[in-house]
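Residue strings, one per chain:
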Amino acid sequence: MTFEIYHQLGHRDVWSLQSIDEDQTGDGVIISPRSRSMPRVEKLGDSIKRKAIFDPQILNPKVVLKNMESYDFYPGCILPAGFDTDEYIVDSTLIAERCIDFQVRNNFRFLVIPTRFYQGMPPVDEFIENQNQQSITPFLSTVKKLGLKKEMILQLFLTGHMIKNKEYTDNLLNWITGIEGISGIYLVTELHPRQKQIRDAEFLLSLLNFTNSLYKNKMKTILGYLNSESLLLSIANPSILTIGSYGNVRIFHHSMFEISEKDLIQIPNLQIYVPTLIDWLDYPYIEIMKRKTFKSPIFFGDNKYLTKMLNPGYRGTAHNIEPHKHYYIEMSKQLRQIRTVENQNRYQEVCKIIESAKQGFSQLDEAGIDVGDKGAFLPHWLTAAKQFAEVQGWGV
Amino acid sequence: MVETIKTSTYIQDLVNTEPQLIRDEVKGYFGVPDLVVVGIENGKPIAIAFEAKLSNWRRAHFQAFRYKAFVNKSYVIMDDDFVNPALLQKDRFEKSNVGLLSIDHSGDVHCHYDPYFETPYSPRLGAKFNDQITNTI
């Protein structure tokens, strides 16, 4: 099955919209109220909204962040006395009505039913009951009452603990496939602790299995907040894979939806995505690679933003447009390449990409360029891919 | 360890010029060297960075390699009692042109690999470092 490429919008989401329009790096966007106020979402063109997925981001009902205050459906806006579970259940129908009204009025691609984020691994019955009571039942009742025919997607936030527990995910699958009217899942996972690239083969394999089970149950699967592991996850037949610019749209962490007492703004280093390595490297490494044996532009990619960044006079920072637009182009190129093939062929293509990244890191090592343990994620990816392929009978 | 290195005549002799500037914990470039020694030779600034680690040569090598983005030479300096694992991987130091020193209990410095002079591999950071640090000499 082929898949679509969506941009997970966040800070400076205009860059994504431009990139899709100018460089054809995606098929649509996932809109984030955390980063875009309601009037600014409403102002988006119909052609964008028609293909867009609106992420209601009601994962933490206790908090309404700045841009989110402009929407009228957040529990924190509706419950002025502060969050209280009993009150939340009482007002959940009002929350559902307003959230659905907004989504329908803007004619987004799907109607997304939001659910809450739970840390760790609460008992699965409790997890399901809470989600049903606080979100799914009020949303489905409202949809029924209004007689809406829009395709519905259920959002799910799952932690690493949940994903890795087969019994837990089996229960979730039973529950999901039993919800009437749901045609897919918008899945967001949080692995904690984690490095920028996932170094946990068990987690990756479990996520591949879960995604593939959804596919086998004829459910659409949208995998949100992905880093370059999207390449690996493509072998599990997801419907939509995401790409994003800054780290917080490529790696989900629930703390993004909490109000922090200290506004610690970390200025990220300028990094460039290196498609051969399927990872980002600090810019000074790119400078020495250029000086040494890595003359081939294909190693870094091939686009006008890269040309600008490789110019010796380039003085950009992580907040410049070039590293992000370069990433969109190169990542989407890799994803488009693998979506032309399916199943075993896609698996083989993905393995080739991972093996080639391993060789790339070895080349760096041979050239005396010490990037630390940067490539350490690759064996985990390969292990997960091979174990998944074995179960599929693809031969490894 | 850093204080011992600072007073070592061996380290000072590596940049055998006057005036000379010794700075520790230099931030804002590519990693934070424990020590940087800067001097002027033939009108041109020469900068040497040091990463001091009791053990864990691998981590130290990674850090020291980063400093080469903005200095001319970079050394790992270890406790002489713990330098053997690094010596077994001396070829890595040679390949990366990162220096390896060790310091013993009496404060004597032993050189295991002396790197050759290179221009900083990041012209951008090298220029920034020269502007900001060498102007203070």
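The structure reproduced in this document is the subject of the present report. (Residues numbered from 1 in each chain as written. Chains lettered and ligands numbered in written order. Predicted model: local features only at pLDDT ≥ 70, side-chain atom pairs only at ≥ 80, totals over all residues.)

**Focus on the packing of helix α5 (residues 85-105) of chain A against helix α6 (residues 124-146) of chain A**
All names here are of chain A.
Then, in step 1: Close contact between α5 and α6 brings their axes to 8 Å; oriented N to C, the two are set at 50°. When the axis of α5 is compared with that of α6, the two are oblique. In this structure, the crossing between α5 and α6 has a hand that is right-handed. Here Tyr88, Ile89, Ser92, Thr93, Ala96, Glu97 and Ile100 of α5 lie close against α6, whose contacting residues are Gln133, Gln134, Ser135, Pro138, Phe139, Thr142 and Val143.
Then, in step 2: The residue makeup of the contact of α5 with α6, split by class, is seven nonpolar, six polar and one charged. (Axes fitted to C-alpha atoms, helices over the stretch in contact; angles between N-to-C directions. Helix = DSSP H or I, 4+ residues; strand = E, 2+ residues; numbered from the N terminus. Parallel < 35°, antiparallel > 145°, perpendicular 65-115°, else oblique. Left-handed = near helix turned anticlockwise from the far one by under 90°. Contact = placed C-beta atoms within 7 Å. Nonpolar A, V, L, I, M, F, W, Y, C, P; charged D, E, K, R; others polar.)

**Observations regarding the nonpolar core**
Then, in step 1: If you look at the biggest cluster of nonpolar residues, it comprises 99 residues, and the most contacted ones within it are A:Ile53, A:Leu204, A:Leu208, A:Leu232, A:Val350 and A:Ala385.
Then, in step 2: At seven residues, the largest contribution of residues to this core is made by helix α9 (residues 201-216) of chain A.
Then, in step 3: When residues are assigned to domains, this core turns out to be shared by domain 1 (4-257) and domain 2 (271-392) of chain A, each giving three or more.
Then, in step 4: Here A:Leu204 is in contact with A:Ile198, A:Glu229, A:Leu232, A:His380, A:Trp381 and A:Ala384, once residues within four sequence places are set aside.
Then, in step 5: Judged by nonpolar contacts, the second largest core, of 40 residues, contains B:Ile46, B:Phe70, B:Val83 and B:Ala86. (Core = buried A, V, L, I, M, F, W, Y, C linked by C-beta atoms within 7 Å. Buried ≥ 20, exposed ≤ 12 C-beta atoms within 10 Å, placed from the backbone. Domains from an automatic or database assignment.)

**Quick notes on unusual backbone geometry**
Residue and element names in this part refer to chain A.
Then, in step 1: Of the consecutive residues His192 and Pro193, the connecting peptide bond is found in the cis state with omega at 0°.
Then, in step 2: One non-glycine residue, Gln57, lies in the positive phi region at around 50°.
Then, in step 3: In this structure, Gln57 sits in the loop between β3 (53-54) and α4 (75-78).
Then, in step 4: Located in the positive-phi region is Asn237, a residue other than glycine, with phi close to 65°.
Then, in step 5: Note that Asn237 resides in the loop between α10 (230-233) and β8 (240-243).

**A word on the interface of chain B and chain A**
Then, in step 1: Contact residues are listed per partner, giving 13 residues for chain B and nine residues for chain A.
Then, in step 2: Counting only elements with at least two residues in the side of chain B that touches chain A, the list comes to α3 (57-67), α5 (90-96) and α6 (123-133) of chain B.
Then, in step 3: The class makeup of the residues in the side of chain B that touches chain A is seven nonpolar, four polar and two charged.

**Observations concerning the pairing of strand β10 (residues 279-282) of chain A**
All names here are of chain A.
Then, in step 1: Bridge count between strand β9 (residues 271-274) and β10: four bridges; the pairing is antiparallel. The residue bridging Gln271 from the neighbouring strand is Asp282, located in β10.
Then, in step 2: Hairpin geometry of β9 and β10 is characterised by an intervening segment of four residues between the two adjacent antiparallel strands and by a positive phi of about 45° at Ile278. (Pairing = 2+ DSSP bridges.)

**Let's talk about the pairing of β8(A)**
All names here are of chain A.
Then, in step 1: Burial of the side chains of β8 extends over both faces: Ile240 and Thr242 are buried on one face and Leu241 and Ile243 on the other.
Then, in step 2: Pairing of strand β1 (residues 4-8) with β8 involves four bridges; the strand directions are parallel. Bridge pairing in β8 links Glu4 to Ile240.
Then, in step 3: As paired strands, strand β7 (residues 220-223) and β8 are joined by two bridges and run parallel to one another. Its bridge partner being in β8, Leu223 is matched across the sheet by Leu241.

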